[in-house]
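Architecture at a glance
What follows is the residue order along each chain.
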Amino acid sequence: MKILRISLLLAVFAFLALPSESVDSSSAAATAGELIAAVNAIRIQNGLNPVEPDPILMAIAQNQANYIASIQSGSHYDASGGQERERAEAAGFSVAAAGGWIDECWSAARTSTPVETMIYNSWSDAVHWGIVTYPGAKFAGAGVAESNGMTYYVLDMAGEYVGSDYGGGAASTIPTTAVTAQVAPVKIATPQADGSIIHIVEIGQAPWSIAAAYDIAVDELIALNNLGKTPVIFEGQKLIIRPAYTPTPSPTATLTPRPPTRTPIPPQTPQPVATQEEKNEGAFLNVDRSTMGLVLILLCGAGLALMIIGTISRDKQPPSKKE
């Protein structure tokens, strides 16, 4: 019995001595500092100066990240309807003193998505990439918030205004190797019964790559899904590629009864028709031939009767005496 107690006690100590299971930090969301570090790595790769984290910009970016995570929808407007310039100046950051330029990027991605992958996927278009690699940028603020397995990122950049053409210049060029490594192929979705096509975004896909795969314009994809002028998509999002067909009402068929079968009329032999001249020849005093024949028969009969009566009368008279 004593041996059994000692064995159980040793087993408990052995279990407590086991190393605890390590937590995979790769699935955790990136921090605001890691977001700025990734942006600076891209800027250095493009020959640009890194940006300096500013405490005021960090605070307003984090507040905006918390806000869009709470509504689970990205927006450059805060709860009061203000944008990054209004938020920065209200918090005490002088945009004019920084150089007159400020702009913002936001994104949503699965929490397991690396921050570098998020940048190359969500901010690879000309506008967002132009903000990340803006030559005049000097200061930055970043915010990161999580909600329901999604991570919402906000990046505020400020500095000297050198022009708003984000799509031009070598500094706004996306490295080809990075895009090739990060952008995932797009699998074409099968049309549904109503004719619509719905694409489910996968990790590594970008709006332009999805539009190219379905052979539609990026502007059309943005309009169909109300993505705004700076589209940001995330893994698992359903995008309308083609809306459902609008059925055309079919006219109601009216059944027309068939007409009754007509009894064929036997062909009639044409009868000769007397002409007007023939009618005139057979008429006397406007009397036709049949009437004239009947009159002649009656006259002949009457004459014959008179002759017979006259003969009978002579036979009954006595002979006359001669003087």
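Residues numbered from 1 in each chain as written. Predicted model: local features only at pLDDT ≥ 70, side-chain atom pairs only at ≥ 80, totals over all residues. Heavy atoms only, no water.

Our focus in this paragraph is helix α10 (residues 218-225). Along α10, the residues that are buried comprise Leu221, Ile222 and Asn225. Projection of α10 onto a plane perpendicular to its axis shows the buried side chains occupying an angular sector of 100 degrees, all on one side. Residues of α10 that are exposed and angled more than 90 degrees away from the buried face: Asp219 and Ala223. Those residues of α10 that are buried are in contact with α9 (207-213) and β6 (238-242). Looking one or two residues past α10, asparagine 226 carries a phi angle of roughly 50 degrees, positive in sign. (Buried < 20%, exposed > 50% of the residue type's maximum accessible area, 1.4 Å probe, protein only. Helix = DSSP H or I, 4+ residues; strand = E, 2+ residues; numbered from the N terminus. Arc of directions from axis to C-beta. Contact = heavy atoms within 4.5 Å.)

Glancing now at unusual backbone geometry. What you tend to see is this: most non-glycine residues have negative phi, and most peptide bonds are trans. Non-glycine residue glutamine 72 carries a positive phi angle of around 55 degrees. Among the structural elements, glutamine 72 can be located in the loop between α3 (55-71) and α4 (84-91). Given a relative accessible area of 43%, glutamine 72 falls into the partly exposed group.

What follows deals with the environment of asparagine 49. With respect to the helices, strands and loops of the structure, asparagine 49 is situated in the loop between α2 (32-45) and β1 (52-53). Its relative accessible area of 61% is what places asparagine 49 among the exposed residues. Along the sequence, asparagine 49 and glycine 136 sit 87 residues apart, while their C-alpha atoms lie 9.0 Å from each other.

Along the chain, serine 196 turns up in the loop between α8 (176-182) and β5 (197-200). With a relative accessible area of 5%, serine 196 lands in the buried category. A distance of 2.7 Å separates the side chain of serine 196 from the side chain of aspartate 194, its partner in a polar contact. The residues contacting serine 196, other than those within four sequence positions of it, are Pro191, Arg242, Pro243 and Ala244. (Polar contact = N/O pair within 3.5 Å; in protein donor to acceptor, adjacent residues only side chain to side chain.)

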